[in-house]
4 protein chains.
Amino acid sequence: VPARYHQIAETSPERLAALSDGIFAVAMTLLVLDLRVPAASVLHVQHPVWAAGALQSEHAVLHVLAGLAPHLLTYLMSFLTLGIFWTGQQTQLNTFTRNDRNITWIQLLFLLTVTFIPFSTALLSEYITYRAALVAYWLNLLLPGAALYLSVQYAARAKLIKDESAAEMRSVTVRRIVGYQVLYAISLLFCVVSTYLSITLIVLVQLNAAIQPPIRPLDRF
Amino acid sequence: VPARYHQIAETSPERLAALSDGIFAVAMTLLVLDLRVPAASVLHVQHPVWAAGALQSEHAVLHVLAGLAPHLLTYLMSFLTLGIFWTGQQTQLNTFTRNDRNITWIQLLFLLTVTFIPFSTALLSEYITYRAALVAYWLNLLLPGAALYLSVQYAARAKLIKDESAAEMRSVTVRRIVGYQVLYAISLLFCVVSTYLSITLIVLVQLNAAIQPPIRPLDRF
Amino acid sequence: VPARYHQIAETSPERLAALSDGIFAVAMTLLVLDLRVPAASVLHVQHPVWAAGALQSEHAVLHVLAGLAPHLLTYLMSFLTLGIFWTGQQTQLNTFTRNDRNITWIQLLFLLTVTFIPFSTALLSEYITYRAALVAYWLNLLLPGAALYLSVQYAARAKLIKDESAAEMRSVTVRRIVGYQVLYAISLLFCVVSTYLSITLIVLVQLNAAIQPPIRPLDRF
Amino acid sequence: VPARYHQIAETSPERLAALSDGIFAVAMTLLVLDLRVPAASVLHVQHPVWAAGALQSEHAVLHVLAGLAPHLLTYLMSFLTLGIFWTGQQTQLNTFTRNDRNITWIQLLFLLTVTFIPFSTALLSEYITYRAALVAYWLNLLLPGAALYLSVQYAARAKLIKDESAAEMRSVTVRRIVGYQVLYAISLLFCVVSTYLSITLIVLVQLNAAIQPPIRPLDRF
């Protein structure tokens with residue numbers, strides 16, 4: 001019987017990590033492309049009177065920068081999102097002793113959802129007061145979480161995780177993913193009051209995930 | 001006799017892998033740049049009546065998002081394409097014990113065709129109903145496959161592959177590449193009926209390549 | 001007592017380095033996107049008379065290129081900035097024996113400020129005579145420096161640095177960061193005379209940091 | 001005497017290679033961004049009559065693609081350029097046993113010139129018949145070569161190269177760089193006849209560098 005391709009196909013955890021680091025690096029840097037610098041000519045059209053004196057021009061530049069504030073808010077939230085998913089994926093990959101084809105494709109699915117983050121960030125910063133844009137952004141928090149959940153469950157079942165850490169890894173990761181996704185979903189619900197309130201709550205949940213303050217109950221997950 | 005440059009030029013498989021991972025990471029993330037967020041001002045111009053009430057505005061945003069659907073379809077297909085070629089290249093590079101100048105340039109040729117994928121994706125998503133765009137996209141499935149075919153044939157002849165795996169690697173890889181290219185070509189032919197039908201068939205073939213369901217005859221290659 | 005996520009979360013110095021290299025690579029290459037090539041059609045509109053003869057057209061192209069000069073100046077300064085912060089971060093990471101969650105997030109904070117450099121560069125090259133744009137750029141010199149300062153202080157306190165080099169590393173790094181930040185701040189003050197003077201001084205300080213000429217007092221830091 | 005920063009600053013050859021691979025990967029992929037897909041709406045404006053029938057529309061798409069031909073030519077030349085400099089740098093870095101601050105900055109200078117290649121490519125493809133654009137492109141062949149020349153000369157003098165290969169490496173590399181730069185300069189001179197002739201000659205020289213056919217005198221360098 002001749003060999004089948006999937007029996008000899010090998011994928012290496014190192015190259016999966018390298019591809020992931022590349023995708024996160026590009027996504028993190030592309031976020032900032034959304035902060036477009038208005039052309040100097042626009043400045044003079046928008047502020048013809050101000051352009052008269054030097055000091056007024058300076059104020060005009062500050063005014064233009066202030067107009068970028070909502071973009072900055074979504075930028076910071078998305079950088080936090082990418083950082084959280086990067087460290088989350090890393091914690092998983094570190095415990096895998098080997099890769100198989102399925103885990104590679106589950107991880108590629110995770111990376112697919114990560115590449116969408118610059119898009120959903122740009123969408124939200126353009127339509128920051130619209131609930132439809134916020135729901136689209138929230139889906140981009142839910143889907144990478146779901147992919148990581150799928151990944152840890154599959155890896156435990158397929159015995160890809162180092163034996164001593166498998167059971168603990170699985171339960172801790174699952175609890176963390178489910179816990180934060182519930183908090184994101186609750187934050188989303190507050191958009192019936194205001195999308196800014198929802199965004200603020202999501203950022204606070206994310207800051208907790210990043211900083212993990214040693215205070216109960218903030219260190220639960 | 002003085003040494004010649006090509007006698008001392010060494011290329012390392014690790015750096016070829018790093019360059020490849022970088023190119024795939026950038027290409028995967030650039031794909032999403034094609035999903036441009038329409039400016040909020042456009043929304044109000046296109047839907048002056050809807051903009052009257054909050055709920056209608058939400059519908060307008062959803063309407064704008066729905067307009068991105070063909071872009072999303074080609075995005076997913078191209079991510080699959082990049083994932084398949086990334087794992088395919090990886091399977092080859094893993095079996096190489098060393099690099100020589102020729103294999104480096106064959107692999108650079110492969111990477112050249114990979115860098116075109118964001119372009120042919122953008123072309124197809126802009127002209128999704130045009131056969132000329134689909135043929136251009138199909139060429140971008142054929143050429144990386146041809147480069148990988150050339151690579152494995154050269155590597156086997158130049159004894160760059162680990163001895164124990166050389167013969168098997170060659171025959172299995174060649175069979176897989178030829179098999180999938182035939183399926184892509186057959187899928188393309190259905191564009192005389194509809195380009196959407198062709199694209200659907202290509203995506204199904206690719207999903208089979210990715211998931212490799214353990215069902216006959218789907219696991220043949 | 002069940003384990004907490006942050007007790008098993010591991011981050012690897014290698015992956016932090018890989019993410020950093022990716023971000024610096026993308027940022028360095030994106031800088032050049034700010035050097036937009038004017039469309040050939042613009043040339044003929046701007047220089048209808050010149051377009052008459054071949055030699056005059058050549059002059060028109062040179063004229064267009066000359067218009068990119070302020071962009072080139074800020075490009076070179078930003079490449080220097082990125083090079084200095086890349087080598088600075090590298091010197092730190094090389095002395096760390098392990099990572100913990102906090103240092104990972106401090107370093108992500110550093111990378112966040114690095115991703116802003118293409119934006120503040122584009123801002124400055126568009127508004128090169130405006131002090132507000134220069135202050136924004138200077139903040140982008142101050143913040144990565146502050147993050148690296150925070151990183152070395154935390155790493156020394158949390159015993160992440162190899163024992164033999166901890167004390168020396170800390171004092172030398174702190175002195176260097178503070179020294180250069182003072183020089184940047186002094187350079188900034190000269191913008192009351194001219195923003196070009198400030199930029200020239202910053203570039204000279206940076207060239208000193210890069211070349212480190214073995215001449216007193218230029219080799220102090 | 002307290003330690004100076006430059007005495008403890010360490011840079012690692014691995015991270016320099018990783019940064020370089022990232023920059024080359026981004027530059028290679030960015031080249032293709034210059035191949036912009038014209039919007040479908042443009043098609044109908046440009047070819048209102050053709051848009052009447054389906055077959056004519058297909059011809060219109062092909063016509064649009066044909067308009068991208070000069071971009072494709074410069075794209076291929078630039079990919080060759082990047083591939084040649086990537087393998088050239090790799091051959092050097094492979095022979096270095098360690099890095100010092102100076103070689104890091106010489107290599108950063110090399111990478112600075114590499115990041116310009118997407119710009120000079122876009123310039124040339126927009127102004128392909130202009131000698132000024134070709135001279136700018138040629139400078140982008142000269143400067144990376146000069147940086148690699150500087151790098152190998154400094155590395156040999158500072159004893160960064162493995163002993164057994166130092167002398168040979170130096171003479172072979174220097175001969176190759178000088179030889180190809182002379183050929184590029186000669187090719188450039190033919191732009192007094194036609195810029196297309198110059199570009200064709202440069203591509204032929206580069207193909208020789210890449211393929212290195214085992215035929216005299218083509219294998220001289």
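Fair warning: this is a prediction, and the values are worked out from it, not measured in the lab.

Peer 1: What should I look at first to understand the overall build of chain A in this one?
Peer 2: Helix and strand counts for chain A stand at ten helices and zero strands. Of the regular secondary structure in chain A, the N- to C-terminal order runs α-α-α-α-α-α-α-α-α-α. Within chain A, the proportion of its 221 residues that are buried is 60%. Considering only contacts in chain A between residues 6 or more positions apart, those separated by 24 or more positions represent 75%. Put simply, chain A shows about 9200 Å² of open surface, and 68% of that area lies on carbon and sulfur atoms.

Peer 1: Explanation requested: helix α2 (residues 13-30) of chain A in the structure shown.
Peer 2: Residues that lie three or four places apart on an α-helix share one face, since the helix turns once every 3.6 residues. Here α2 of chain A is 18 residues long and its end C-alpha atoms lie 25 Å apart, about the 26 Å a rise of 1.5 Å per residue gives. Burial within α2 of chain A is extensive, with 15 of its 18 residues counted as buried.

Peer 1: What's the story with the interface of chain B and chain A in this structure? I'm lost.
Peer 2: How big an interface is tends to be reported as the loss of accessible area on association of its parts. In this complex, chain B contributes 50 residues to the contact, which on the side of chain A involves 38 residues. For the pair chain B and chain A, the summed buried surface comes to about 4000 Å²; carbon and sulfur atoms form 69% of the total. At the junction of chain B and chain A, the tally comes to one salt bridge. Here chain B is connected to chain A by eight residue pairs in polar contact (both at pLDDT 80 or more). When residues of the side of chain B that touches chain A are traced back to their parent elements, those giving at least two are α2 (13-30), α3 (40-46), α4 (54-66), α5 (69-95), α9 (163-189) and α10 (195-211) of chain B. The biggest single contributor to the side of chain B that touches chain A is α5 of chain B, with 15 residues.

Peer 1: Honestly, the interface of chain A and chain C in this entry has me stumped. Any pointers?
Peer 2: Taken together, the contacts link 50 residues of chain A with 38 residues of chain C. Buried area between chain A and chain C, both sides added, is near 4000 Å², and the carbon and sulfur share of it is 69%. Counting the contacts that link chain A with chain C gives one salt bridge. D21 of chain A is the salt-bridge partner of R15 of chain C, the closest N and O atoms lying 2.6 Å from each other.

Peer 1: In this structure, what is going on with the confidence of the model for chain A? I would like to understand it.
Peer 2: Residues and elements named next belong to chain A. Chain-level statistics for chain A give a pLDDT mean of 83 and a share of 84% at 70 or above. Here residues 48-52 scores under 50 on pLDDT; set against residues more than four positions off or in separate chains, the count is seven contacts. Interface confidence in the predicted complex, given as ipTM, is 0.86; pTM for the same model is 0.89.

Peer 1: It is not clear to me how the relation of the copies chain B and chain A should be interpreted in this structure. Could you clarify?
Peer 2: Mapping one chain copy onto the other needs a rotation about an axis and a shift along that axis. In the superposition of chain B on chain A (RMSD 0.0 Å, axial shift 0.0 Å), the rotation amounts to 90 degrees. On this basis, the relationship between the two copies can be described by a four-fold rotation axis. Among all residues of chain B, the one whose C-alpha sits closest to the rotation axis is G22 of chain B, at a distance of 4.1 Å.

Peer 1: Would you take a moment to explain the packing of helix α5 (residues 69-95) of chain C against helix α8 (residues 131-157) of chain C for this structure?
Peer 2: Geometry of a packed helix pair, given as the angle between the helix axes and the separation of the axes. Residue and element names in this part refer to chain C. Look at α5 against α8: their axes get within 11 Å of each other, and the N-to-C directions meet at 5 degrees. Taken together, the axes of α5 and α8 lie roughly parallel to each other. Residues M77, S78, T81, F85, G88, Q89 and Q92 of α5 form the contact with α8, whose participating residues are Y137, N140, L141, P144, G145, L148, S151 and V152. A per-class count over the contact of α5 with α8 returns seven nonpolar, eight polar and no charged.

Peer 1: Help me understand the relation of the copies chain A and chain C, please; the structure alone is not making it clear to me.
Peer 2: Note on the identical chains: chain A maps onto chain C by a rotation of 90 degrees and an axial translation of 0.0 Å, with an RMSD of 0.0 Å. Of the interface residues in chain A, just 2% have counterparts in chain C that sit at the interface too, so the contact is made through distinct surfaces.

Peer 1: I would appreciate a short explanation of a nonpolar patch on the surface in the present structure.
Peer 2: All names here are of chain A. Together, Y149, V178, V182, I186, F190, V192, V193 and L197 line one region of the surface with nonpolar side chains, adding up to about 680 Å² of accessible area. Here the nonpolar patch takes three residues from helix α9 (residues 163-189), the largest share from any one element. Within the secondary structure layout, V182 lies in helix α9. Note on V182: relative accessible area 44%, which makes it partly exposed.

Peer 1: Would you explain the packing of aromatic side chains in this entry?
Peer 2: The way to describe two aromatic rings as a pair is by their centre distance and the angle between their planes. Evaluation of the coordinates by the stated rule reveals 24 aromatic pairs over all chains. Both rings, one in F24 of chain A and one in F110 of chain A, keep their centres 6.2 Å apart while their planes meet at 45 degrees; by these two values the pair is tilted. Of the two residues, F24 of chain A sits in helix α2 while F110 of chain A sits in helix α6 (residues 101-115), which places them 86 residues apart along the sequence. Here F24 of chain A matches F110 of chain A in class, with each residue buried. Relative to Y75 of chain B, the ring of F116 of chain A lies with its centre 4.9 Å away and its plane at 70 degrees, an arrangement referred to as edge-to-face. Of the two residues, F116 of chain A sits in the loop between α6 and α7 (117-126) while Y75 of chain B sits in helix α5, which places them in two different chains. A residue is classified by how much of its surface remains accessible, and F116 of chain A, at 15% relative accessible area, is buried.

Peer 1: Quick question: what am I supposed to make of the side chain of Q153 of chain B here?
Peer 2: Along the chain, Q153 of chain B turns up in helix α8 (residues 131-157). Leaving out residues up to four positions away in the same chain, Q153 of chain B has contacts with R170 and V174 of chain B.

Peer 1: I'm lost on the layout of surface pockets in this one. Help?
Peer 2: Empty space among the atoms becomes visible once a probe the size of a water molecule is rolled across them. Roughly 1400 Å³ of internal volume is contained in the second largest pocket. Considering the residues around the second largest pocket, the lining is formed by 50 residues, among which E14 and A18 of chain A, A18 of chain B, A18 of chain C together with A18 of chain D are closest to the centre. Every element with two or more residues in the lining of the second largest pocket is listed here: α2 and α5 (69-95) of chain A, α2 and α5 of chain B, α2 (13-30) and α5 of chain C together with α2 (13-30) and α5 (69-95) of chain D. Across the lining of the second largest pocket, the residue classes break down as 26 nonpolar, twelve polar and twelve charged.

Peer 1: Sorry, what's going on with unusual backbone geometry here?
Peer 2: One can expect most non-glycine residues to show negative phi and most peptide bonds to be in trans. Unlike most non-glycine residues, K159 of chain C shows phi in positive territory, near 55 degrees. Relative to the elements of secondary structure, K159 of chain C occurs in the loop between α8 and α9 (163-189).

Peer 1: Even after reading the chapter, I still don't get the environment of T121 of chain A, so can you show me in this structure?
Peer 2: Residue and element names in this part refer to chain A. Along the chain, T121 falls in helix α7. Remark: the alpha-carbon pair of T121 and A27, spanning 94 residues in sequence, is separated by 11 Å. In contact with T121, not counting residues within four places along its chain, are L31, T74, Y75, S78 and Y137. Polar side-chain contacts of T121 include one of 2.5 Å to the side chain of S78.

Peer 1: So what exactly am I meant to see when it comes to the environment of S171 of chain C here?
Peer 2: Within the secondary structure, S171 of chain C sits in helix α9. With 18 residues separating them along the chain, S171 of chain C and Q153 of chain C place their C-alpha atoms 9.4 Å apart.

Peer 1: It is not clear to me how the environment of A17 of chain B should be interpreted in this structure. Could you clarify?
Peer 2: Topologically, A17 of chain B is positioned in helix α2. Along the chain, A17 of chain B and L33 of chain B lie 16 residues apart, while their C-alpha atoms are 25 Å from each other. Look past the residues within four positions of A17 of chain B in its chain and what remains in contact with it is R15 of chain A together with L93 of chain B.

Peer 1: Explain helix α7 (residues 117-126) of chain C here, please?
Peer 2: Counted residue by residue, α7 of chain C has nine buried out of ten residues, so it is predominantly covered. If you check which residues of α7 of chain C are buried, you get I117, P118, F119, S120, T121, A122, L123, L124 and S125 of chain C.

Peer 1: Got a minute to help me understand the side chain of T74 of chain C in this structure?
Peer 2: All names here are of chain C. Note that T74 resides in helix α5. Reaching out from T74, the side chain makes a polar contact with the backbone oxygen of H71 at a distance of 2.9 Å. Among residues more than four places away in sequence, those in contact with T74 are T121, L124, S125 and I128.

The rules behind each value
- Residues numbered from 1 in each chain as written.
- Chains lettered and ligands numbered in written order.
- Predicted model: local features only at pLDDT ≥ 70, side-chain atom pairs only at ≥ 80, totals over all residues.
- Heavy atoms only, no water.
- Helix = DSSP H or I, 4+ residues; strand = E, 2+ residues; numbered from the N terminus.
- Buried < 20%, exposed > 50% of the residue type's maximum accessible area, 1.4 Å probe, protein only.
- Contact = heavy atoms within 4.5 Å.
- Areas by Shrake-Rupley, 256 points an atom, 1.4 Å probe, with all protein chains shown as cover.
- Expected span 1.5 Å × (residues − 1).
- Buried area = accessible area lost by both parts, 1.4 Å probe.
- Salt bridge = Lys/Arg side-chain N within 4 Å of Asp/Glu carboxyl O.
- Polar contact = N/O pair within 3.5 Å; in protein donor to acceptor, adjacent residues only side chain to side chain.
- pLDDT = per-residue confidence, 0-100.
- Least-squares fit on C-alpha atoms with pLDDT ≥ 70 in both.
- Axes fitted to C-alpha atoms, helices over the stretch in contact; angles between N-to-C directions.
- Parallel < 35°, antiparallel > 145°, perpendicular 65-115°, else oblique.
- Nonpolar A, V, L, I, M, F, W, Y, C, P; charged D, E, K, R; others polar.
- Patch = residues over 30% accessible without salt bridge, like charges linked within 9 Å, V, L, I, M, F, W, Y side chains within 5 Å.
- Phe/Tyr/Trp six-rings, centres within 6.5 Å; stacked < 30°, edge-to-face > 60°.
- 1 Å grid on protein atoms, 1.4 Å probe; cavity = no way out; pocket = protein on both sides within 12 Å on 5 of 7 lines; lining within 4 Å.
- Points joined across faces, edges and corners; volume = space filled by probe spheres on them.

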